[in-house]
Amino acid sequence: MLYYNVRPMPHDHSHDPGHHHGPAHHHHGHAHSHGPATPHPAQAAPWSILRMTVTARLAAALAVSAALWAVVLVAMR
C-alpha cells in the first residue's frame, strides 16, 4: 500500500508526563492512514512525461543532453 503526503496529525495539547487523554486520543507519531474503502480523492497531475508525445519526449531528451554537454564543455575550458 502506498502512502503519499504522510504527515503527523496536528494536535494542541501539552506533553507533560502526567497529561493523558486515554487510549482513544493516543496518536502521537502514527502516520495518517485509512483503509481502501475510504481512499483520498484523485488529484490531477500538473505535468507528466507519460502524457508527452514521443516527439516531445525526444525533443526534451535532446535539450537536456545539449545542456549537459554545455556544462561539460564549459568545465573543460
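For the structure, see preceding data.
Small disclaimer: the values here were computed from a predicted structure and weren't measured.

**Q** Please give an account of the overall build of the chain that cites residues and values.
**A** A count of helical and extended segments in the chain gives one helix and zero strands. Looking at the chain as shown, the accessible area adds up to about 7,400 Å², and 67% of this sits on carbon and sulfur atoms.

**Q** Would you mind going over a nonpolar patch on the surface in detail, with residue names and values included?
**A** On the surface, W69, V72, L73 and M76 cluster together into a nonpolar patch covering about 470 Å² of accessible area. Structurally, the position occupied by M76 is in helix α1 (residues 54-76). Taking relative accessible area as the criterion, M76 reaches 66% and is therefore assigned exposed.

**Q** Help me get a handle on the environment of R57, residues and values and all.
**A** Tracing the backbone through its elements, the reader meets R57 in helix α1. According to the relative accessible area criterion, R57 is partly exposed, its value standing at 34%. When near neighbours in sequence (up to four residues on either side) are disregarded, R57 contacts I49, L50 and M52. At 3.1 Å, the side chain of R57 and the backbone oxygen of L50 are in polar contact.

**Q** An account of α1 is requested, with residue identities and associated values reported.
**A** If you check α1, its first and last C-alpha atoms are 33 Å apart, about what 23 residues at 1.5 Å a residue would give, namely 33 Å. Counting buried positions along α1 gives zero out of 23 residues, so the element sits mostly on the surface.

**Q** I'd like a rundown of the environment of A60, residues and numbers included.
**A** Summarising the element assignment, A60 is placed in helix α1. Under the relative-accessibility criterion, A60 is labelled partly exposed at 29%. Expressed as a C-alpha distance, the spacing of A60 and I49, which sit eleven residues apart in the sequence, is 9.6 Å.

Conventions we followed
- Residues numbered from 1 in each chain as written.
- Predicted model: local features only at pLDDT ≥ 70, side-chain atom pairs only at ≥ 80, totals over all residues.
- Heavy atoms only, no water.
- Helix = DSSP H or I, 4+ residues; strand = E, 2+ residues; numbered from the N terminus.
- Areas by Shrake-Rupley, 256 points an atom, 1.4 Å probe, with all protein chains shown as cover.
- Patch = residues over 30% accessible without salt bridge, like charges linked within 9 Å, V, L, I, M, F, W, Y side chains within 5 Å.
- Salt bridge = Lys/Arg side-chain N within 4 Å of Asp/Glu carboxyl O.
- Buried < 20%, exposed > 50% of the residue type's maximum accessible area, 1.4 Å probe, protein only.
- Contact = heavy atoms within 4.5 Å.
- Polar contact = N/O pair within 3.5 Å; in protein donor to acceptor, adjacent residues only side chain to side chain.
- Expected span 1.5 Å × (residues − 1).

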